[in-house]
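# Structural features, examined
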Amino acid sequence: MKILAITNQKGGVGKTTTCVNLAASLVSLGKRVLLIDLDPQGNASTGSGVDKAHLKHSIYHVLIGEKSLKEVILNSEAGGFDIAPSNRELAGAEVELVNELARENRLKVAIANLGNAYDFILLDCPPALNLVTVNALTAANSVMIPMQCEYYALEGLSDLVNTIKKVRAHLNPVLEIEGLLRTLFDNRNMLANQVSTQLKSHFGDKVYKTVIPRNIRLAEAPSYGVPVLNYDKSSKGAVAYIELAQEIINKENLTKT
Ligand code: ATP
Ligand code: MG
């Protein structure tokens, strides 16, 4: 079972788009997938066709210890994956957990209780290096960092890498950076190409070969509550996420053998 935290404290870099579409793409390649929405914005829930305003229970109840993961998991009919949804309530978790014991471990324990029901668990993180993100990094085996290839992209990266190092030292020794994903990529933009080259020279193999292009279909699909595969499966965005899913599966198979 692979637990992948999809994180970047920078907002709007394509974390949620990647979670929803990677989840659906992995399913289309025969994998069992759970998506955990860890953002009070609940965009991954909406994008998977879940009505976040009328949730009985959400990931919030799991983190504060009132429910098990199993009790909050729903099925995304459109995506074919399971989802632990989220909504604004989650914003309160941060404060409520302040005085709790083992607060960084809540998600890890909840996932352990699931057993081996999934091949992949994707964690959609909020745009912050907060306690919820630390829970994700503590529960994960590896991290995917989506980033836009723009001038400031590398600036926040060192804060994120430092947080990952701290979590590795104190909470989760097996945590590794699986890869940097170039998102919202515009081929015709010279700066984007320069930053992309820079990323590859700094991070080498850690940069996924697959590049996610800027594609309007990816932005439109969430308003129908479906992954892009269900909306326009021949779009460039859909093709790119299938390619990413395949790249990740190949990587997994390599490390297993
Ligand atoms: P946040 O930090 O707020 O959680 P995020 O990192 O999860 O944001 P998304 O919500 O996935 O980012 O994407 C931000 C916006 O860009 C959304 O409106 C989304 O539809 C759009 N978007 C994401 N990826 C692409 C893409 N490859 N092509 C076109 N639009 C995209
Ligand atoms: Mg998001």
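Structure first, text after, so check above.
As the structure is a computational prediction, the values presented were derived from the model and not from experiment.

Cut-offs used in this document
- Here the residue index of a chain counts from 1 through its sequence in written order.
- Chain letters start at A and ligand numbers start at 1, both assigned in the order the entries are written.
- Per-residue local features are limited, in this predicted model, to residues with pLDDT of at least 70; the limit for side-chain atom pairs, both in listing and counting, is 80 or more; totals at the level of whole chains, interfaces and linings are taken over all residues.
- Only hydrogens and water are set aside; all other atoms, that is, all heavy atoms of the structure, feed into the side-chain values.
- Only Phe, Tyr and Trp rings are paired, with Trp represented by its six-membered ring, and only when their centres lie within 6.5 Å; those with planes under 30 degrees apart are stacked, over 60 edge-to-face, the remainder tilted.
- Buried residues are those whose accessible area, probed at 1.4 Å on protein chains only, stays under 20% of the maximum for their type, while exposed residues exceed 50% and partly exposed ones sit between those limits.
- One heavy atom suffices: a residue is near a molecule or strand as soon as one of its heavy atoms comes within 4 Å of it.
- Here a polar contact means two N or O atoms within 3.5 Å. Within protein one must be a hydrogen donor candidate and the other an acceptor candidate, and residues neighboring in sequence count only if both atoms are side-chain atoms.
- Areas reported here follow the Shrake-Rupley algorithm with a probe of radius 1.4 Å; residue values treat only the protein chains shown as occluding.
- Secondary structure is summarised from DSSP: a helix means a run of H or I of at least four residues, a strand means a run of E of at least two, and numbering begins at the N terminus for each.
- Strands were regarded as paired on the criterion that DSSP finds at least two bridges between them.
- Here an axis means a line fitted to C-alpha atoms, over the contact stretch when the element is a helix, while the angle between two N-to-C directions is reported on a 0 to 180 degree scale.
- Throughout this description, any angle smaller than 35 degrees is read as roughly parallel, any larger than 145 degrees as roughly antiparallel, any in the 65 to 115 degree range as roughly perpendicular, and the remainder as oblique.
- Crossing chirality is assigned from the near helix's rotation relative to the far helix, an anticlockwise turn below a right angle marking it left-handed and a clockwise turn marking it right-handed.
- Should any heavy atoms of two residues lie within 4.5 Å, those residues are counted as being in contact.
- For this classification, Asp, Glu, Lys and Arg are treated as charged, while Ala, Val, Leu, Ile, Met, Phe, Trp, Tyr, Cys and Pro are nonpolar and the rest, including Gly, are polar.
- The criterion is simple. A nonpolar core is a set of buried Ala, Val, Leu, Ile, Met, Phe, Trp, Tyr and Cys residues joined through side-chain atoms within 4.5 Å.

## So, the packing of aromatic side chains
Counted under the stated rule, the structure contains two aromatic pairs. Measuring from centroid to centroid gives 5.1 Å for Y224 and Y231, while their planes differ by 25°, and the two rings are stacked. According to the relative accessible area criterion, Y224 is exposed, its value standing at 56%. For Y231, a relative accessible area of 28% translates into the label partly exposed.

## Points about the site of ligand 1
Looking at ligand 1, there are 18 residues lining it, with K15, T16, T17, P213 and N215 nearest. Contact distances for ligand 1 include 3.0 Å between an oxygen atom and a backbone N or O atom of G14. At 2.8 Å, a side-chain N or O of T16 approaches an oxygen atom of ligand 1. The protein chains hide 79% of the 620 Å² of surface that ligand 1 would expose on its own. Looking at the shell around ligand 1, the elements that each hand over two or more residues are helix 1 (15–28), strand 8 (207–213) and helix 10 (216–220). Among the elements that line the shell around ligand 1, the one with the most residues is helix 1, at three residues.

## Some remarks on the sheet that holds strand 3 (residues 74–76)
The eight strands are arranged 3-4-2-5-1-6-7-8 in an open sheet whose pairing can be described as mixed. The strands lining the two open edges of the sheet, one partner per strand, are strand 3 and strand 8. When the angles between neighbouring strand axes are averaged without regard to direction, this sheet yields 25°. Two elements, strand 7 (residues 176–185) and strand 8, share three bridges in a ladder whose sense is parallel. For L180, the partnering residue across the bridge sits in strand 8 and is V207.

## A word on the packing of helix 7 (residues 131–139) against helix 8 (residues 157–170)
When two helices pack together, their arrangement is given by the angle between the helix axes and the distance between those axes. It is at 10 Å that the axes of helix 7 and helix 8 come closest, and there the two elements cross at 55°. When the axis of helix 7 is compared with that of helix 8, the two are oblique. Note on packing geometry: the crossing formed by helix 7 with helix 8 is right-handed. In this structure, helix 7 uses V134, L137 and T138 to contact helix 8, whose residues at the interface are T163, I164 and V167. Within the contact of helix 7 with helix 8, the residues separate by chemical class into four nonpolar, two polar and no charged.

## Observations regarding the environment of L4
Counting through the fold element by element, L4 comes out in strand 1 (residues 2–6). Given the relative accessible area of 0%, L4 is considered buried. For the pair L4 and V95, spaced 91 residues apart in the sequence, the C-alpha separation amounts to 25 Å. Once residues within four sequence positions are removed from consideration, L4 is found in contact with L22, I121, L122, L123, S142, V143, M144, E178 and I248.

## Here's the deal with the nonpolar core
The nonpolar side chains of soluble globular proteins are, as a tendency, buried together. Formed by 48 residues in total, the largest nonpolar core has its most connected members in I36, I59, L69 and L123. Counting 31 residues, the second largest nonpolar core, distinct from the first, contains I6, I83, Y208 and I248.

## Notes on the pairing of strand 2 (residues 33–37)
A large share of strand 2 lies buried, amounting to five of its five residues. Alternating residues of strand 2 divide into V33, L35 and D37 and L34 and I36, and every residue in both groups is buried. Looking at chain direction, strand 2 and strand 4 (residues 81–84) are connected through three bridges and run parallel. Its bridge partner being in strand 4, L34 is matched across the sheet by D82.

## As for the pairing of strand 4
Residues of strand 4 alternate between two faces, with F81 and I83 on one and D82 and A84 on the opposite face, all of them buried. Relative to strand 4, strand 3 runs antiparallel, the two being bridged by three bridges. Paired with L74 across the two strands is I83, which belongs to strand 4. Between strand 3 and strand 4, which follow one another and run antiparallel, lie four residues, and G80 among them has a positive phi close to 75°.

## Re the side chain of E252
The topology assignment puts E252 in helix 12 (residues 236–256). E252 has contacts with K2 and F120, leaving out every residue within four places of it along the chain.

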